[in-house]
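In case you want the letters, here they are:
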Amino acid sequence: HALLVLARARLPDALLRHALAHHPAPTHALVSLAHGAGFDLPADRLAALRQPDARTLARDRAWLLEPGHRLLAWGDGDYQPLLAQSPSPPPILFVAGDASLLWRPQVAVVGSRRPTAAGRERARRFADVFTRAGWLVTSGLADGIDGAAESLWDECRRANLPRVIVLTKLDAGHADFDTSVEQCQERFGDGVHPTHVPTFSGPGQVAGNIGLLTVEE
């Protein structure tokens, strides 16, 4: 419950990481932050901590009841150290699948956007060999060879392996974030949701991104 409230309170990532790191349990972090934790928190943030939205909590709890679903918080033993070293690591993650598998080696299958039939089959076989050897195949959802690797999505779902879709080249002239998300949902199901949305300073000029799990201002 405490982690769900913290995840939806739209606190700055740095503050939430600090609170989770300096308290023995999320419940203690929530109590501290709900009293301000020595910071001048905006009234709407304090309200979200003290009186969280019941419908949102109910929806999140129902999601957590699904097999393989969990919250992964800053400081958790399964939190990937490379992610922790990134410039602004997320303090709380909604995870579908076995998060411990993220510690395994990962490989991306990429190549021509217009592969031959033989190339597609070769990419599929490469991806199949990697997954059977215990590697995780990461897909950027591009066309061509990478598209062949997407065929393993259903196999990974059946094996309860974590799956992440990375949208790249959003600064390209033809790129459209909303359309890309809709296509992902059409291909992989309504359970696909963005964790971040890009911001633009001009046409095709990506300025940054906004986390949807926690918002940093």
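As a reminder, the structure under discussion sits directly above these lines.
Residues numbered from 1 in each chain as written. Predicted model: local features only at pLDDT ≥ 70, side-chain atom pairs only at ≥ 80, totals over all residues. Heavy atoms only, no water.

Student: Any chance you could explain the packing of aromatic side chains here in plain terms?
Tutor: Here the distance between the centres and the angle between the planes together describe a pair of aromatic rings. The final tally for this structure, using the stated rule, is three aromatic pairs. Each ring, one from Trp74 and one from Tyr79, has its centre 5.3 Å from the other, and the planes form 75°; the classification is edge-to-face. Above the ring of Trp74, the side-chain terminus of Arg17 is found at 5.7 Å from the ring centroid. (Phe/Tyr/Trp six-rings, centres within 6.5 Å; stacked < 30°, edge-to-face > 60°. Lys NZ or Arg CZ within 6 Å of the ring centre and 35° of its normal.)

Student: Quick question: what am I supposed to make of the nonpolar core here?
Tutor: Side chains of a nonpolar character, in soluble globular proteins, are inclined to be buried together. Membership of the largest hydrophobic core comes to 23 residues, with the highest contact counts inside it found for Leu6, Leu11, Leu16, Leu20, Leu33, Leu49 and Ile92. Sorting the residues of this core by element identifies helix H1 (2–8), helix H2 (13–21), helix H3 (26–34), helix H4 (43–50) and strand S1 (69–73) as the ones contributing at least two each. By residue number, the principal contributor to this core is H1, which donates six residues. Setting aside residues no more than four positions away along its own chain, Leu33 makes contact with Leu6, Leu11, Leu15, Leu16, Ala19, Leu41, Leu46 and Leu49. Residues Leu72, Tyr79, Leu93 and Ala99 belong to the second largest nonpolar core, which totals five residues. (Core = buried A, V, L, I, M, F, W, Y, C linked by side-chain atoms within 4.5 Å. Buried < 20%, exposed > 50% of the residue type's maximum accessible area, 1.4 Å probe, protein only. Helix = DSSP H or I, 4+ residues; strand = E, 2+ residues; numbered from the N terminus. Contact = heavy atoms within 4.5 Å.)

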